[in-house]
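Observations on the model geometry
Residues per chain are reported as follows:
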Amino acid sequence: MRSLSAFWLAAVLALLSGCAAIETVPPTAVHQPMSVRPDGHAGMPPANGAIYQAALARPLFEDRRARHVGDIITINLVERNTATKSANTSATRSSEMTGGITASSRLPLGGLNGLNVEAGVDSGFNGAGSARANNAFNGTITVTVIDVYPNGNLLVSGEKMLAINQGNEFIRFSGVIDPNTVTSTNTVQSIQVADARIEYRGTGVIDQSNTMGWLQRFFLAILPF
């Protein structure tokens, strides 16, 4: 009896943990981490109480464009992709064969004298396929510089979460930016970002209603047709 109660308790806990996992943050493929805190420049002496700090100093006529770990950059998402593909295949094949037997009645095969054989094969194949995609993504997201490459390029990553009614929307972005493309207002067009990774995902009741159930996915994976 005690073992049966322990079984049902374990089953209830597993069910509750599954329900709790529904609202977890969706996984991401963007560069990690999402944000970092600046820790000063390597090799720079620590703050000594003076007004002038070498780690924070910038030339008098230098702009404030992002170039260090922890700086922020605003990305203007102006993604638009259009692709069209079409293919046609046609193949035909035919063959014909005719044969006959003429033999003397004195030979063992004399009974087959006058036998004619005809055979023919015709086959054909026609195939056609087409695909078209038209995607657009517009908006803005502010990201953080998480690493500076030896050549000066900036690795950025960031996330924006919107809590809307009964669900959460996640916008994530990461990529490599050439500091020369950063404007004086610290903005960059997304089409100027190398190795860009853009995600737009959601959680909640609405997202669950658009997801196929696990049992249906199971049968879909094992059915041969």
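Everything that follows concerns the structure shown earlier in this document.
Parameters at a glance
- Residues numbered from 1 in each chain as written.
- Predicted model: local features only at pLDDT ≥ 70, side-chain atom pairs only at ≥ 80, totals over all residues.
- Heavy atoms only, no water.
- Helix = DSSP H or I, 4+ residues; strand = E, 2+ residues; numbered from the N terminus.
- Buried < 20%, exposed > 50% of the residue type's maximum accessible area, 1.4 Å probe, protein only.
- Contact = heavy atoms within 4.5 Å.
- Areas by Shrake-Rupley, 256 points an atom, 1.4 Å probe, with all protein chains shown as cover.
- Core = buried A, V, L, I, M, F, W, Y, C linked by side-chain atoms within 4.5 Å.
- Phe/Tyr/Trp six-rings, centres within 6.5 Å; stacked < 30°, edge-to-face > 60°.

1. Remarks on the overall build of the protein
The helix and strand inventory of the protein stands at three helices and six strands. In the protein, the order of α-helices and β-strands from amino to carboxyl end is α-β-β-β-β-β-β-α-α. Scored against the burial criterion, the 225 residues of the protein give a buried share of 20%. In the protein, the share of contacts with a sequence separation of at least 24, taken over all contacts with a separation of at least 6, comes to 67%. Of the roughly 16900 Å² of accessible surface on the protein, 58% is carried by carbon and sulfur atoms.

2. A few points about the nonpolar core
Counting residues in hydrophobic clusters, the biggest one holds 15 residues, and the most contacted among them are I73, I75, V156, F173 and I177. Within the residue set of this core, elements represented by two or more residues are β1 (72-100), β2 (116-148), β3 (154-164) and β4 (167-177). Beyond its immediate chain neighbours, meaning those up to four positions away, V156 contacts I73, V143, T144, V145, I146, F173, S174, G175 and I177.

3. Some thoughts on the packing of aromatic side chains
One pass over the full model with this rule turns up one aromatic pair. With a centroid separation of 6.1 Å and 75 degrees between ring planes, the pair formed by F137 and Y200 is classed as edge-to-face. Here the residue F137 occupies a position in strand β2, and Y200 occupies one in strand β6 (residues 194-204), the gap between them amounting to 63 residues.

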